[in-house]
Amino acid sequence: MSVVRTKVLGLVDVIMRVPSLFIIDEILKMGMGVPMQVALQATNSTVQSNYELPMEKMLPEDERGMQDNIEMYKVISLAVLKFLICLFGAISAACVFMLWTRHLVIVYMYILSVGLIFLSYWSNVSALSVISDSPSLLEDVLSLNMDRLLDPGGVLISILPHLLAQWLMGVIFAYIHLGPRYKITQKALPFSFLMPLLLAMLPLPSVVLKHSPAFAAILPLVLSKIALWSSSFDVVKTILNGYQHARNFAGNFGIATLIENEWQRLNVPCVLRVFWTLRLTEHLVSLLMSSEAPLRFAATVQSLLVSGCETLTAVLGMTSIISLICHYIGKMFQLFLLSEDYDEDKSIGTVSAILFYILALQTGLTSLTPDKRIVRLCRNMCLLVTALLHFLHNIVAPILMSLSAARNPSRKRHARALMVCAFLLIAPGSLLTVLWSRHSPSTWLLAVTAFSVEVIVKVLVSLATYTLFLLDARRQTFWEKLDDYVYYIRAFGNSVEFCFGIFLFFNGAWILTFESGGAIRALMMGIHAYFNIWCEARAGWGVFMKRRTAVHKISSLPEATIAQLRQFDDVCAICYQDMTSAKITRCNHYFHGVCLRKWLYVQDRCPLCHEIIMNQDVNPGEDGTEERVHDNGQPQGSDAIGLQNMSQNTTGVNLQPQTSGQSSGTLLSSLTEAESEATGGDTTSGSSSQSGSEGTGDTGNLTNGSTGSSNSSGGTLSGMTNSSLVSAAAISFNLRRHHALLQQQQQSQQAQQLFGEQQSRMQRELLSARISSEPTARSSPGRAESEQRRSSTSTDCDCGQQVPSLLDDDHP
């Protein structure tokens, strides 16, 4: 029962807001009271009539010019007055439309009470006109002239409906009026409405009977005037409170949220639908009553559609109907596709409504003649149908991708999605065939063609991507070229859409320049140029550059051999698929090239160890020859081979085998020590330290590229090969990291020392406070010494043990 009551109250609220739209619609029909063509015709007719007068009756030229100026000023003044009155009426109707329901009820009660007064006056005047021409009703009653009293055309039968109507209006007015409610006035109100008819039964002069309706309306008018005067302050207060509420709401949540909230509160779509339906019903009834011949269906529908978009409010009503139709079309397709997401259908209705209204404003639909208006309306409908096909593709495309990616075995869902795609291929083709066969080429037809071909291309791209994913699902191995194929297909589709966007921009520029210009069309062209051309081009170029950079980086990384893949014997850490081919990063991790390329779109660090995959300042030709080290610190690959053959590849100097072996061992030990220091290893043996220092000396000579003496052999080393240079650079890089780690360790030790000093100072202060507060402590030197010993012990302890004591919750 409560649900029914809520629906009924909602319907009443919607119906109460409809009259305001009718008032605004009538004002817009009048052109806001400024019919410029009529004014110009009146001015021209005045001037022409002056010229048509005989010459002898014409005024002098100066007086005739003054007369023309006076007429023109009168026309302008009257037009301005009408415009102000219409503007005030439109603003008042809009304010009434936006009122809360309780305030709306009060407004309608007052309007209804005033309307009852004028209706009662008109009913009394009509009844008195009947009584004045007939014999006295009182004489018939006193003489019991039943024949005259019961005569169907007699006075009594004629005024009996007026008597009942007046009594009913008096009772209703007494119930709904907003004036002071005294008992005497409440009881006197029905008799006040009946007073003219009661006086008409008496033999009174005709002058008294003529003015009796006006005297009978005095009491209701006084009550209404008092109600209006007493509620005027409440009206101003309500308007100010509404403005303050809207301002605070917009300040807290934003203007968009305010508009959405008011849109839902006022239930604007339902109000517009009821308004447009009643408006078309009124027009249909007038056609039926004015036409003697039976109406033809096509002509009647055309007439209704033309009148249905006559004003801006009528276009809004038609927009709400179209939004509802598109909403149910989208919902029907979603139910056919067995989709559970019902958010998209709402956006279809909303976007379709916005698109239709923008097209109506852009083409000047309301300012056209009826013949041109129906043609323009049909063209806008064709554009709307193509846009609806785009929205339906936006529904079916994610479903296709989910079915192919999830490897859904349900053939029913696949078949339904493919049937919708077939419809999206056939519908625009059929539409283009019909339009091109019946219309000559024009800018409108080119726009419809561009939208339709774009739908076909988008559907084909979705089907191609869907097919690739299905083929990938049937493969037993990892398909590395899948990402490239998908990228090429989607890039083709996006390029076609971008080209059509540029074509539509130039098409709109042609229409703006040579056919029908306007501020709204220019604004929409600017929005289209920014969002659909500039933003899309910038985003596409950004994606292309990211992909190009990632491909360049991946191509510079070395390819893993079959032996290395067999020794690795693991899956890719990104996609968890077996690796038949892989790329090796500088941190010696194996990944699929495609997976690593996708990872590089996001960041340049390794997915496992977060090391930089490659140096940014290294030339592309040198990226593939960087040093690669296992987790245990041993070199691998071509770098290790060049490092082991370093002494054998030198030219210009004949080194002894012992010297070359010692130099190679020194370099290997320095590299191992640097890696162990970087990974937190412990090098405490004296031989390692000695070899590390010797390696440092050799590294300096190798890095500088000059001829010098070695500390280990005393010989001269020059003319190194490329592999030796790479190995030396790798050792220098690791030693620099080792030096950086040593600096960090020194800084941490200094911070720990400072932390310990602060703690010891705090403990000394705490000890002195305890000594001063406890007299027994001063008399006990042993206890003071023990406290000092504890303080010195805590000061010399490790920093890692001091942190919990200082960060404890109960520490002062």
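Before any of the text, the structure's been laid out above.
Rules used throughout
- Residues numbered from 1 in each chain as written.
- Predicted model: local features only at pLDDT ≥ 70, side-chain atom pairs only at ≥ 80, totals over all residues.
- Heavy atoms only, no water.
- Helix = DSSP H or I, 4+ residues; strand = E, 2+ residues; numbered from the N terminus.
- Buried < 20%, exposed > 50% of the residue type's maximum accessible area, 1.4 Å probe, protein only.
- Areas by Shrake-Rupley, 256 points an atom, 1.4 Å probe, with all protein chains shown as cover.
- Phe/Tyr/Trp six-rings, centres within 6.5 Å; stacked < 30°, edge-to-face > 60°.
- Lys NZ or Arg CZ within 6 Å of the ring centre and 35° of its normal.
- Axes fitted to C-alpha atoms, helices over the stretch in contact; angles between N-to-C directions.
- Parallel < 35°, antiparallel > 145°, perpendicular 65-115°, else oblique.
- Contact = heavy atoms within 4.5 Å.
- Nonpolar A, V, L, I, M, F, W, Y, C, P; charged D, E, K, R; others polar.
- Salt bridge = Lys/Arg side-chain N within 4 Å of Asp/Glu carboxyl O.
- Patch = residues over 30% accessible without salt bridge, like charges linked within 9 Å, V, L, I, M, F, W, Y side chains within 5 Å.
- Disulfide = S-S within 2.5 Å.

(A) Inspection of the overall build of the protein at higher detail. The secondary structure content of the protein amounts to 29 helices and 2 strands. Split into buried and exposed, the 812 residues of the protein put 33% on the buried side. Carbon and sulfur atoms provide 63% of the accessible area of the protein, an area that totals close to 49100 Å².

(B) Structural context of the packing of aromatic side chains. For the structure on display, the rule yields 13 aromatic pairs. Seen from their ring centres, Phe-22 and Phe-275 are 4.9 Å apart, and the 75° between their planes marks the pair as edge-to-face. Of this pair, Phe-22 sits in helix H1 (residues 2-29) while Phe-275 is found in helix H12 (residues 268-290), placing the two residues 253 residues apart along the sequence. A relative accessible area of 0% places Phe-275 in the buried class. Ring geometry for Trp-510 against Phe-514: centres 4.3 Å apart, planes inclined by 45°, an arrangement best described as tilted. Linking Trp-510 with Phe-514, this pair stays in helix H19 (residues 482-515), spanning 4 residues, or about one helical turn. On the basis of relative accessible area, Trp-510 is assigned to the partly exposed category, the value being 48%. With relative accessibility at 56%, the residue Phe-514 sits in the exposed group. Between Arg-265 and the ring centre of Trp-100, over which it is positioned, the NZ or CZ distance is 4.2 Å. Sitting above the plane of the Phe-336 ring, Arg-416 keeps its charged end 5.1 Å from the centroid.

(C) Geometry of the packing of helix H9 (residues 206-216) against helix H10 (residues 218-253). At a closest axis distance of 5 Å, the pairing of H9 and H10 adopts a crossing angle of 25°. Taken as axis vectors, H9 and H10 run roughly parallel relative to one another. Residues Ala-214, Phe-215 and Ala-216 of H9 pack against Ile-218, Leu-219 and Pro-220 of H10. Residues that form the contact of H9 with H10 fall into these classes: 6 nonpolar, no polar and no charged.

(D) Representation of the pattern of salt bridges in the model. Taken as a whole and judged by the stated rule, the model has 10 salt bridges. Ionic pairing is found between Lys-29 and Glu-26, a salt bridge with its closest N-O pair at 3.6 Å. Of this pair, Lys-29 and Glu-26 both sit in helix H1, 3 residues apart, which is roughly one turn of the helix. Residue Glu-26 is classed as partly exposed on the basis of its relative accessible area, which comes to 40%. Shared partners join several salt bridges into a network, and the residues in it are Asp-483, Asp-484, Arg-597 and Lys-598.

(E) Main features of unusual backbone geometry. Positive phi values are uncommon outside glycine, yet Tyr-576 reaches one of about 60°. Note that Tyr-576 resides in the loop between helix H21 (562-568) and strand S1 (583-584). On the basis of relative accessibility, which here comes to 63%, the residue Tyr-576 falls in the exposed class. The backbone of Asn-588 sits at a positive phi, close to 65°, despite the residue not being glycine. Residue Asn-588 is classed as buried on the basis of its relative accessible area of 10%.

(F) Molecular detail of a nonpolar patch on the surface. A grouping of Met-72, Tyr-73, Ile-76, Val-80, Phe-83, Leu-84, Leu-87 and Ile-91 is seen on the molecular surface, where their side chains present a nonpolar patch of about 710 Å² in accessible area. Looking at the element boundaries, Met-72 is found in helix H3 (residues 61-97). The exposure class assigned to Met-72 is partly exposed, which follows from its relative accessible area of 33%.

(G) Up close: the state of the cysteines. Across all of its chains, the model carries 0 disulfides by this definition. Its sulfur unpaired, Cys-378 is 7.1 Å from the next cysteine sulfur, which belongs to Cys-382. With no disulfide of its own, Cys-587 lies closest to Cys-609 among cysteine sulfurs, the gap being 3.4 Å. Here Cys-587 falls in the buried class, since its relative accessible area comes to 13%.

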